[in-house]
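# An overview of the molecular structure
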Amino acid sequence: MLDHIGIGCRDFATSLAFYRAALAPLQLTVVMSVTAEQTGAGDHAGFGRDKPLFWIRTQAAAAGGTHVAFAADSRAQVDAFHRAALAAGGRDNGTPGLRPHYHPNYYGAFVLDPDGNNIEAVCHRP
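These remarks concern the structure in this document. (Residues numbered from 1 in each chain as written. Predicted model: local features only at pLDDT ≥ 70, side-chain atom pairs only at ≥ 80, totals over all residues. Heavy atoms only, no water.)

### Describing the pattern of salt bridges
Spelled out, the test is: A pair is scored as a salt bridge if a Lys or Arg side-chain nitrogen falls within 4 Å of a carboxyl oxygen belonging to Asp or Glu. Strands here are runs of E lasting at least two residues and helices are runs of H or I lasting at least four, both read from the DSSP assignment and numbered beginning at the N terminus. Only protein chains enter the accessibility calculation, which uses a 1.4 Å probe. A residue is then buried if its area is under 20% of the maximum for its type, exposed if over 50%, and partly exposed in between.
As enumerated under the stated definition, the model contains 2 salt bridges in all. A salt bridge links Asp3 to Lys51; its shortest N-O distance comes to 2.6 Å. Residue Asp3 is located in the segment before strand 1 (5-9), and its partner Lys51 is located in the loop between strand 3 (44-48) and strand 4 (52-58); the two are separated by 48 residues in the primary sequence. Looking at Asp3, the relative accessible area reads 44%, which means it is partly exposed. The class for Lys51 is partly exposed, based on a relative accessible area of 36%. Between Asp115 and Arg10 there is a salt bridge whose closest N-O contact spans 3.3 Å. Within this pair, whereas Asp115 is found in the loop between strand 7 (107-112) and strand 8 (118-123), its partner Arg10 is found in the loop between strand 1 and helix 1 (12-23), the two being separated by 105 residues in sequence. Of the residues examined, Asp115 reaches a relative accessible area of 7% and is grouped as buried.

Right, dumping it as structure tokens:
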């Protein structure tokens, strides 16, 4: 249903470093960058595997409040995401673990990015 999603960030360099570290355990990297000169609206970086699925962009008034969940292939990837995100300056918003109120195998972890967005990695496998 979705092709891609993007969120704004006040400090592009800080957010770029955060997402590079936090998404690396999920095998997501920057696959496309677009400069402010090209867009006329700030720098952009698109993360994905083959094509950009998740974008960050410069936005002076970014206020957080967005929730984005990334699919993980294993619970170990969820754990690694959480560790990497915290090491990169994220704030814990839910330690890795089962959330059986969603379904019995819902294993997720939540962090707040530098702008206060709720970023999650989730594995639906046992």
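Read on, since the account is not over.
### Focus on the layout of surface pockets
Threshold: Both cavities and pockets are sets of points on a 1 Å grid over the protein atoms alone; in a cavity a 1.4 Å probe fits but cannot get out, in a pocket the set is open with protein on both sides within 12 Å along at least five of seven lines, and lining residues sit with an atom within 4 Å of a point. Grid points are joined across faces, edges and corners, and a volume is the space filled by probe spheres set on the points.
Considered as a void within the structure, the largest pocket measures approximately 320 Å³ in volume. If you list the elements that add at least two residues to the lining of the largest pocket, you get strand 3, strand 4 and strand 5 (67-71). With 5 residues, strand 5 is the largest single contributor of residues to the lining of the largest pocket.

### A short note on the sheet that holds strand 5
How we decide: Only when DSSP finds a minimum of two bridges between them are two strands counted as paired. Axis definition: a line fitted to C-alpha atoms, limited for helices to the stretch in contact. Angles are taken between N-to-C directions and run from 0 to 180 degrees. The contact criterion used throughout is that any non-hydrogen atoms of two residues lie within 4.5 Å.
Overall, mixed pairing links the 4 strands, which are arranged 5-8-7-6 in an open sheet. This sheet does not close on itself; its edge strands, each paired only once, are strand 5 and strand 6 (91-98). Along the sheet, successive strands turn relative to each other by an average axial angle of 15°, direction set aside. Bridge count for strand 6 against strand 7 is 5 bridges, and the pairing is antiparallel. Bridge pairing in strand 7 links Arg91 to Leu112. Lying on the sheet, helix 3 (residues 75-87) is in contact with strand 6, strand 7 and strand 8; it crosses strand 7 at an angle near 10°.

### Focus: unusual backbone geometry
Backbone geometry at Gln27 places phi at a positive 65°, although glycine is not the residue there. On the secondary structure map, Gln27 appears in the loop between helix 1 and strand 2 (29-34).

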